[in-house]
Amino acid sequence: MTYYSQHSKVWVSVDCIIFGFDEGQLKVLIGRRQMEPGRGEWSLYGGFVAADESIDDAATRTVAKLTGLNNLYMRQVGAFGSVDRDPGERVISIAYYALINVKDYDESLRREHAVEWMNVEDLPRLYSDHNEMVSKARKLMRQKLRTEPVGFRLLPTLFTLTQLQKLYEAVTGEQLDKRNFRKRIKDMGFIEKTELIDKTGSKRGAFLYRFNKRAYREDQNFKL
């Protein structure tokens, strides 16, 4: 028996916003679209949902194919389904964002997929509603950053407080007072100061810190 034959069919896809942090900037992976419609236009990386997979599995597969990384921090942004959003067919897309450490990303994979990191503040006009997806994803990440330490997913294991502050400023788009920010950070029991010093910025150097997952799980009052 055929069900729903009286209804029109639509395509379902996933589009993935891959955020990275490098040189004090919040960046997004984008590339030139390799298919019609819109061939050659700047675009997010995505694909269609297979008949035998959930949308979460489709997003995980898509991100893994692009980055070669598994077990990333990923969250759904929402559904984008304007009738005319895709001139090819009636396509509804579910957007996801993922956070990765740029240094963990294999350059050969970046070249293979013809994508590049671009500052979120300088994004060109992207295909269809992809700019809207990025904007909404950043807004959601900004909200999450204030209640969960998700920003550490974008940093190396060891980082300076200056790097951490620049990350928060890049995500929120706001300049933070250095003294107040460091005071708040030092009140957090899950950010550990190490004995290691980073001397890349000056001869004196700066102490390196790390995120303590166990201590965070014991902290019920995190808020920045």
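Relevant structure appears above.
Residues numbered from 1 in each chain as written. Predicted model: local features only at pLDDT ≥ 70, side-chain atom pairs only at ≥ 80, totals over all residues. Heavy atoms only, no water.

Draft legend 1. Structural context of the overall build of the chain. Looking only at helices and strands, one finds six helices and nine strands in the chain. Summarising its shape, the C-alpha atoms of the chain cover approximately 70 × 35 × 30 Å along the three principal directions. Within the chain, buried positions represent 42% of all 224 residues. Relative to all contacts within the chain whose residues are 6 or more apart in sequence, the contacts with residues 24 or more apart total 66%. Looking at the chain as shown, the accessible area adds up to about 13400 Å², and 46% of this sits on carbon and sulfur atoms. (Helix = DSSP H or I, 4+ residues; strand = E, 2+ residues; numbered from the N terminus. Buried < 20%, exposed > 50% of the residue type's maximum accessible area, 1.4 Å probe, protein only. Contact = heavy atoms within 4.5 Å. Areas by Shrake-Rupley, 256 points an atom, 1.4 Å probe, with all protein chains shown as cover.)

Draft legend 2. Inspection of the side chain of R138 at higher detail. Take R138: it is sitting in helix 3 (residues 130-145). Owing to a relative accessible area of 11%, R138 belongs among the buried residues under this scheme.

Draft legend 3. Quick look at the nonpolar core. Counting 40 residues, the largest nonpolar core has I17, F19, V28, Y97, L164 and I191 as the members making the most contacts within it. Mapped by element, the contributors of at least two residues to this core are strand 1 (11-22), strand 2 (25-32), strand 5 (73-80), strand 6 (91-99), helix 3, helix 4 (161-172) and helix 5 (178-186). For this core, the leading source of residues is helix 4, giving six residues. Judged by nonpolar contacts, the second largest core, of 20 residues, contains V14, C16, I18 and Y96. (Core = buried A, V, L, I, M, F, W, Y, C linked by side-chain atoms within 4.5 Å.)

Draft legend 4. Layout of a nonpolar patch on the surface. There is a patch of nonpolar side chains on the surface, built from W11, M35 and F48 and spanning about 320 Å² of accessible area. On the secondary structure map, F48 appears in strand 4 (residues 45-48). On the basis of relative accessible area, F48 is assigned to the partly exposed category, the value being 39%. (Patch = residues over 30% accessible without salt bridge, like charges linked within 9 Å, V, L, I, M, F, W, Y side chains within 5 Å. Salt bridge = Lys/Arg side-chain N within 4 Å of Asp/Glu carboxyl O.)

Draft legend 5. Here's a closer look at the packing of helix 3 against helix 4. Viewed as axis vectors pointing N to C, helix 3 and helix 4 meet at an angle of 135°, and their least axial separation amounts to 9 Å. As summarised for this structure, helix 3 and helix 4 are arranged oblique, according to the angle between their axes. Contacts between helix 3 and helix 4 involve R138, M141, R142 and L145 from the first element and Y168, A170, V171 and T172 from the second. Considered class by class, the residues forming the contact of helix 3 with helix 4 number five nonpolar, one polar and two charged. (Axes fitted to C-alpha atoms, helices over the stretch in contact; angles between N-to-C directions. Parallel < 35°, antiparallel > 145°, perpendicular 65-115°, else oblique. Nonpolar A, V, L, I, M, F, W, Y, C, P; charged D, E, K, R; others polar.)

Draft legend 6. Looking closely at the side chain of E53. Take E53: it is sitting in the loop between strand 4 and helix 1 (55-67). Separated by 3.0 Å, the side chain of E53 and the backbone nitrogen of A50 make a polar contact. Looking at E53, its side chain comes within polar contact range of the side chain of R61, at 2.6 Å. Beyond its immediate chain neighbours, meaning those up to four positions away, E53 contacts F48, A58 and R61. (Polar contact = N/O pair within 3.5 Å; in protein donor to acceptor, adjacent residues only side chain to side chain.)

Draft legend 7. Representation of the pairing of strand 7 (residues 115-119) in the model. With four of five residues buried, strand 7 is to be regarded as a mostly interior element. In the sheet, strand 2 pairs with strand 7 via five bridges, with the strands oriented antiparallel. Opposite L29, over in strand 7, you have W117 as the bridge partner. (Pairing = 2+ DSSP bridges.)

Draft legend 8. Representation of the environment of G78. Residue placement: G78 occurs in strand 5. Sequence separation of G78 and Y97 is 19 residues, and the distance between their C-alpha atoms is 10.0 Å. Leaving out residues up to four positions away in the same chain, G78 has contacts with S93, I94, A95 and K136.

Structural measurements only, silent on function.
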